[in-house]
Amino acid sequence: MVKRAALLMLIVIYSAQDADARLDPLYCEPKEKLRHALENKHRAKLTGQGVRGPDVGLELWAEPESGDWTLVQTYANGQACVVAIGEHWEPPQTGGEPS
């Protein structure tokens, strides 16, 4: 919880300094090590992923019970960086009309 609060403070600081659309990394380490921490320490599950560029991907991890979420940017060289975190993640509703 303390780590998440510290990361949130960093996001606020980065946001105040730079309002453009860059995804500045808050914390980086090898992808497998970060994935292990998200799955085992934070009980997060990979809820979505996409491609940002030729060698860059994005992964959205969320902890179903608390709603805490983490956006991770991954690189072809095996590095991964946390670029955003937040609270109150709600997965999209399935079926029916979008709200």
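Criteria and cut-off values
- Residues numbered from 1 in each chain as written.
- Predicted model: local features only at pLDDT ≥ 70, side-chain atom pairs only at ≥ 80, totals over all residues.
- Heavy atoms only, no water.
- Helix = DSSP H or I, 4+ residues; strand = E, 2+ residues; numbered from the N terminus.
- Buried < 20%, exposed > 50% of the residue type's maximum accessible area, 1.4 Å probe, protein only.
- Contact = heavy atoms within 4.5 Å.
- Areas by Shrake-Rupley, 256 points an atom, 1.4 Å probe, with all protein chains shown as cover.
- Core = buried A, V, L, I, M, F, W, Y, C linked by side-chain atoms within 4.5 Å.
- Pairing = 2+ DSSP bridges.
- Axes fitted to C-alpha atoms, helices over the stretch in contact; angles between N-to-C directions.
- pLDDT = per-residue confidence, 0-100.
- Polar contact = N/O pair within 3.5 Å; in protein donor to acceptor, adjacent residues only side chain to side chain.

Within the chain, the regular secondary structure consists of two helices and five strands. Walking the chain from its N terminus toward its C terminus, one meets helices and strands in the order α-β-α-β-β-β-β. Sorting the 99 residues of the chain into buried and exposed places 30% on the buried side. Partitioning the contacts of the chain with sequence separation of at least 6, the portion at a separation of at least 24 is 35%. When the accessible area of the chain is evaluated, it comes to approximately 7000 Å², of which 57% is carbon and sulfur surface.

Turning next to the nonpolar core. Membership of the largest hydrophobic core is limited to nine residues, which are L26, L34, L38, A44, W61, V72, A80, V82 and I85. When contributions to this core are tallied by element, the ones reaching two or more residues are α2 (31–41) and β5 (79–86). Among the elements that take part in this core, β5 stands out by supplying three residues, more than any other. Within the second largest apolar cluster, six residues are counted, among which are A62, W69, L71 and A84.

Taking strand neighbours across the sheet as the criterion, the five strands line up as β1-β5-β4-β3-β2 in an open arrangement whose pairing is antiparallel. The open sheet terminates on both sides in strands that have one partner only, identified here as β1 (27–30) and β2 (45–53). Here the average twist between neighbouring strands, direction ignored, is 25°. Sheet topology note: the strand β3 (residues 56–62)/strand β4 (residues 69–75) ladder contains seven bridges and is antiparallel. Of the residues in β4, the one forming a bridge with G57 is T74. Contacting β1, β3, β4 and β5, α2 crosses the sheet at an angle of about 110° to β1.

Atomic detail in the predicted coordinates should be set aside for any region of low pLDDT. Overall, the predicted model of the chain reaches an average pLDDT of 80, with 72% of residues at or above 70. Here residues 5–20 is a poorly scored stretch, pLDDT under 50, and it has twelve contacts once near neighbours within four places are set aside; other chains count.

So, on to the side chain of E63. Structurally, E63 can be placed in the loop between β3 and β4. A distance of 3.0 Å separates the side chain of E63 from the backbone nitrogen of E65, its partner in a polar contact.

Before going further, it helps to examine the pairing of β3. In terms of residue burial, β3 counts as a mostly covered element, since five of its seven residues are buried. One ladder, built from seven bridges, connects β2 with β3; its direction is antiparallel. Opposite V51, over in β3, you have G57 as the bridge partner. Linking two consecutive strands that pair antiparallel, namely β2 and β3, is a turn of two residues. Hairpin connection, β3 to β4: the antiparallel pair is bridged by six residues, and G67 has positive phi, about 85°.

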